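Summary of structural features
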Amino acid sequence: MIYRSKAPLRLGLAGGGSDVSPFSDIYGGAVLNATIDQYAYCTIEETFFDTIVIYASDLNTKKRYPSVLNLPLDGHLDLHKGVYNRIVQNFGITKPLSFKITTYCDAPPGSGLGSSSTMVVAILKAFAEWLNLPLGDYDMAYLAYQIERIDLGLSGGKQDQYAATFGGFNFIEFYKDDRVIVNPLRIKRWIVDELEVSMVLFYTGASRSSDKIIKEQQKNTREGKKLPTEATLKIKQNSFIMKDFLLKGDIVQFAKALGKEWENKKKMATSITNRNIEKIYEAAIKSGAYGGKVSGAGGGGFMFFTINPTKRVNLINTLNRFNGKVINFHFSDNGCHGWKINEK
């Protein structure tokens, strides 16, 4: 039997950064996000060779280990090994498993689309399919968060794991003690279509590590620095405003609020923007974009802009002059799911 899974990547529309501890523990966080038709994929094949083979095909990286109950976390494919180790720990597995796991992702690491967290969710879902693990959506997302943030010590927020698990448009609230409430949004189809045709997604050509940016945000919150904290509070409040505009179908006001989101986001940490990002942003605005922002923590990866659909091609032509790539996308309604097929 072969076990497969896929989990969708997400666009962080508003509130990103307010889901990061300690801000979310002190003030509470609120994020508006939506999943798109870009995915992380995982396949698990059970074997009987007393080995564990991990192959990240998009990274062209393969590692082989003897079947053990705890794989070494040494900087090589730790996302995959972290999931296996936690499953062994949490679900009473006493005999080492033998398997080959193959993964790939439509977006590169550091893209700003939540690719690392989404990959953890996809891997976890494939194991759940194989081992019949009793994991509901909230359980899946929280376990993925624990693996990434606690077991592997990777800095970041909480939104990505929940977006990848639940899928669709969500307004997600974050509170102390890791309490999370996912509010799925029922958005009319014409509104989704209008937003989709009004948005342009652009890969800047430069992936980045979000770790430095997020650690600076966390440090600013712990030290009570006024400007970054006030900016994050405004971003949180803006997520409520943008949610209302979206539900009403007021895409122009939604788009203008997106621009305000970006101006506040840049105040959260010094490395969120850079000269190249600013040049791209300014060119997009001159081409008629209402507003835009960097997806994720910032510093590189993907940017997205909103514009009158009749001017969409002008914006695409402008962005194509930079060293990057416009990516066609559609919003995705479905969250992570898994399935099994019989070997032939």
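It should be noted that the structure appears before, not after, this text.
Chains are numbered independently. Their residues run from 1 in the order of the written sequence. Only residues with pLDDT of at least 70 get local features here, since the model is predicted, and only at 80 or more are side-chain atom pairs given and counted; chain-wide, interface and lining totals rely on the full set of residues. Here the side-chain values reflect all heavy atoms present in the structure, with hydrogen atoms and water set aside.

1. Considering empty space enclosed by the protein
Quick note on the threshold: Here a cavity means grid points, on a 1 Å grid over the protein atoms only, where a 1.4 Å probe fits yet cannot get out; a pocket means an open set of points with protein on both sides within 12 Å along at least five of seven lines; lining residues are those with an atom within 4 Å of a point. Grid points are joined across faces, edges and corners, and a volume is the space filled by probe spheres set on the points. Under the scheme used here, helices are H or I runs from DSSP no shorter than 4 residues and strands are E runs no shorter than 2 residues, and both carry numbers assigned from the N terminus.
Scanning the entire structure with this criterion turns up 1 cavity of 30 Å³ or more. Approximately 70 Å³ is the volume attributed to the largest cavity. In terms of lining, the largest cavity is formed by Gly17, Val20, Phe23, Gln217, Asn220, Thr221, Pro228, Thr229, Thr232 and Met268. Elements supplying a minimum of two residues to the lining of the largest cavity: α7 (210–222) and α8 (226–248).

2. Describing the environment of Pro22
Definition in use: Type-normalised accessible area, obtained with a 1.4 Å probe on protein chains alone, sets the label of each residue: buried when under 20%, exposed when over 50%, and partly exposed for intermediate values. Any two residues whose heavy atoms approach within 4.5 Å at even a single point are treated as in contact.
Of note, Pro22 is situated in the loop between β1 (2–14) and α1 (23–26). You can call Pro22 buried: its relative accessible area is 17%. The contacts of Pro22, once residues within four sequence positions are left out, are Gln218, Thr221 and Arg222.

3. Points about helix α5 (residues 159–166)
Counted residue by residue, α5 has 7 buried out of 8 residues, so it is predominantly covered. Where α5 is concerned, the buried positions are Gln159, Asp160, Gln161, Tyr162, Ala163, Ala164 and Thr165. Contacts from the buried residues of α5 go to β1, β2 (29–46), α3 (115–131), α4 (137–151), β6 (169–175) and β7 (179–184). Once α5 finishes, Gly167 follows within two positions and takes phi at roughly 75°, a positive value.

4. Comments concerning the packing of aromatic side chains
The criterion, for reference: Aromatic rings from Phe, Tyr and Trp, taking only the six-membered ring of Trp, are treated as a pair when their centres fall within 6.5 Å; an angle between ring planes under 30 degrees marks them as stacked, one over 60 as edge-to-face, and anything in between as tilted.
If you walk through the whole model with that rule in mind, you get 19 aromatic pairs. Seen in terms of ring centroids, Tyr84 and Phe127 are 6.3 Å apart; in terms of plane orientation they differ by 40°. Their pairing is tilted. Linking Tyr84 in helix α2 (residues 78–90) with Phe127 in helix α3, this pair joins segments that are 43 residues apart in sequence. Phe127 carries the same exposure label as Tyr84, and that label is buried. A ring pair is formed by Phe99 and Trp130, whose centres lie 5.7 Å apart and whose planes are at 65°; its orientation type is edge-to-face. With a gap of 31 residues between them, Phe99 in strand β5 (residues 99–105) and Trp130 in helix α3 connect regions that are remote in the sequence. Among the residues examined, Phe99 registers a relative accessible area of 2% and is labelled buried. By relative accessible area, Trp130 is classed as buried at 9%.

5. Describing the packing of α3 against α4
To keep things clear, this is the line we draw: Axis angles are defined between N-to-C directions and span 0 to 180 degrees, where every axis is a line fitted to C-alpha atoms and, for a helix, only to the segment in contact. Small angles under 35 degrees read as roughly parallel and large ones over 145 as roughly antiparallel, with 65 to 115 read as roughly perpendicular and the rest as oblique. Take the far helix as the reference: if the near one is turned anticlockwise from it by less than a right angle, the crossing is left-handed, and if turned clockwise, right-handed. Residues are grouped as follows: Ala, Val, Leu, Ile, Met, Phe, Trp, Tyr, Cys and Pro are nonpolar; Asp, Glu, Lys and Arg are charged; every other residue, Gly included, is polar.
Running from N to C, α3 and α4 point in directions that differ by 120°, and their axes come no closer than 9 Å. One way to sum up the angle between α3 and α4 is to call them oblique. Crossing of α3 against α4: the hand is right-handed. Across from Ser116, Ser117, Val120, Val121, Leu124, Lys125 and Ala128 in α3, the residues of α4 making contact are Met140, Leu143, Ala144, Ile147, Glu148 and Arg149. Here the residues of the contact of α3 with α4 are counted per class, giving 8 nonpolar, 2 polar and 3 charged.

6. A look at the sheet that holds strand β10 (residues 302–306)
Quick reminder of the rule: Two strands form a pair only when DSSP identifies at least two bridges running between them.
Taken together, the 4 strands give an open sheet; going across it, the order is β9-β10-β8-β11, and neighbouring strands pair in antiparallel fashion. Whereas interior strands pair on both sides, the edge strands pair on one side only; in this sheet they are β9 (291–294) and β11 (325–327). Across the sheet, the mean angle separating the axes of adjacent strands is 25° when strand polarity is ignored. Sheet topology note: the strand β8 (residues 199–203)/β11 ladder contains 3 bridges and is antiparallel. Opposite Phe202, over in β11, you have Val326 as the bridge partner. Together, β8 and β10 form the strand contacts of helix α6 (residues 189–198), whose direction differs from that of β8 by roughly 45°. Relative to the sheet, helix α11 (residues 312–319) contacts β8, β10 and β11, its axis offset from that of β8 by approximately 10°.

7. Comments concerning the side chain of Glu173
Rules: In this tally, Lys and Arg are treated as positive and Asp and Glu as negative; His is ignored, and so are the chain termini. Salt bridge criterion: a side-chain nitrogen from Lys or Arg within 4 Å of a carboxyl oxygen from Asp or Glu. Think of a polar contact as two N or O atoms within 3.5 Å of one another; within protein, one of them needs to be a possible hydrogen donor and the other a possible acceptor, and neighboring residues in sequence only count if both atoms come from side chains.
Within the fold, Glu173 resides in strand β6. We note that Glu173 is buried and unpaired, the nearest opposite charge coming from Lys243 at a distance of 7.3 Å. Reaching out from Glu173, the side chain makes a polar contact with the side chain of Tyr175 at a distance of 2.6 Å. Looking at Glu173, its side chain comes within polar contact range of the side chain of Asn183, at 2.8 Å. Residues within four places of Glu173 in sequence aside, it is in contact with Gly29, Arg179, Val180, Ile181 and Asn183.

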